[in-house]
Amino acid sequence: MNTGPVEDRLAIRELCEEFAAGAMRIDADAWGETWAEEGMWGLPSMEKPVEGKNNVIEAFREKLAYVEFMSMISFPAELVIKGEKAKGKCYCRELIFPKAGGQVVVVGCFDDEYVKRDGRWYFTKRIYEVMGKG
């Protein structure tokens, strides 16, 4: 169940959409604009989560270097908004087309934390769990 003002829930949904659009374009700069300066990003393929916006953006460049193109469809759920902070999940499906050929399908969920600054929401934490892969 989602709780909190509808306008904030919509803004977080749009944040998740901006993240996915940046990933689909493999545009580290656009993707990076979704992160707060203290952001933390974790993937199962990482030894430990990466901290700090610049480090997160660099990790994105490294992780997507093998990708020719991709599709990412995602939606937030279980949003709990309390003032200028929020937590939630973001479920997604990725179709990844590596430069070497083939296709990988990944279904997963981000465990998210958000912060609102100057009227805009940002990710402060995104830890990804793979739910299925094919």
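Residues numbered from 1 in each chain as written. Predicted model: local features only at pLDDT ≥ 70, side-chain atom pairs only at ≥ 80, totals over all residues. Heavy atoms only, no water.

### Let's talk about helix H1 (residues 6-24)
Inference 1: With 19 residues, H1 extends 27 Å from end C-alpha to end C-alpha; this agrees with the ideal 27 Å at 1.5 Å per step.
Inference 2: Three or more residues of H1 are buried, namely Asp8, Ile12, Leu15, Cys16, Phe19, Ala20, Gly22 and Ala23. Along the axis of H1, the buried residues cluster in a sector spanning 165°; they form a single face. Structural note: H1 exposes Val6 and Glu7 on the side pointing more than 90 degrees away from its buried face.
Inference 3: In the stretch just after H1, isoleucine 26 is the one whose phi turns positive, near 50°. (Helix = DSSP H or I, 4+ residues; strand = E, 2+ residues; numbered from the N terminus. Expected span 1.5 Å × (residues − 1). Buried < 20%, exposed > 50% of the residue type's maximum accessible area, 1.4 Å probe, protein only. Arc of directions from axis to C-beta.)

### Remarks on the state of the cysteines
Inference 1: In total, this model carries 0 disulfides according to the counting rule given.
Inference 2: In this model cysteine 92 remains outside any disulfide bridge; the closest cysteine sulfur is found in cysteine 90, 6.4 Å from its own.
Inference 3: A relative accessible area of 5% means that cysteine 92 is categorised as buried. (Disulfide = S-S within 2.5 Å.)

### Brief notes about the pairing of strand E1 (residues 35-42)
Inference 1: Where E1 and strand E6 (residues 120-133) come together, 4 bridges link them in parallel fashion. Within E6, the position partnered with tryptophan 41 by the bridge is arginine 126. (Pairing = 2+ DSSP bridges.)

### Things to note about the environment of tryptophan 41
Inference 1: Looking at the element boundaries, tryptophan 41 is found in strand E1.
Inference 2: According to the relative accessible area criterion, tryptophan 41 is buried, its value standing at 4%.
Inference 3: Excluding residues that lie within four positions of it along the chain, tryptophan 41 makes contacts with Trp31, Trp35, Met46, Pro49, Val50, Val56, Ala59, Phe60, Lys63, Phe110, Arg126 and Ile127. (Contact = heavy atoms within 4.5 Å.)

### Here's the deal with the sheet that holds strand E5 (residues 104-117)
Inference 1: Spatially, E2-E1-E6-E5-E4-E3 is the arrangement adopted by the 6 strands of the open sheet, whose pairing is mixed. Each of the sheet's edge strands pairs with one partner strand only, and the pair in question is strand E2 (50-51) and strand E3 (67-82).
Inference 2: As judged from the 13 bridges shared by E3 and strand E4 (residues 85-98), these two strands associate in the antiparallel manner. Considered in E4, the bridge of proline 76 is made with cysteine 90.
Inference 3: Along the sheet, H1 makes contact with E1, E3, E4, E5 and E6, crossing E3 at roughly 165°. (Axes fitted to C-alpha atoms, helices over the stretch in contact; angles between N-to-C directions.)

### Describing unusual backbone geometry
For residues other than glycine, phi is negative in most cases, and the peptide bonds are mostly trans.
Inference 1: Its identity as a non-glycine residue notwithstanding, glutamate 78 has a phi of 55°, on the positive side.
Inference 2: Note on placement: glutamate 78 falls in strand E3.
Inference 3: Residue class for glutamate 78 comes out partly exposed when judged on its relative accessible area of 38%.
Inference 4: Phi angles above zero are rare outside glycine, and aspartate 118 is one such case at about 50°.
Inference 5: Within the secondary structure, aspartate 118 sits in the loop between E5 and E6.
Inference 6: You can call aspartate 118 exposed: its relative accessible area is 86%.

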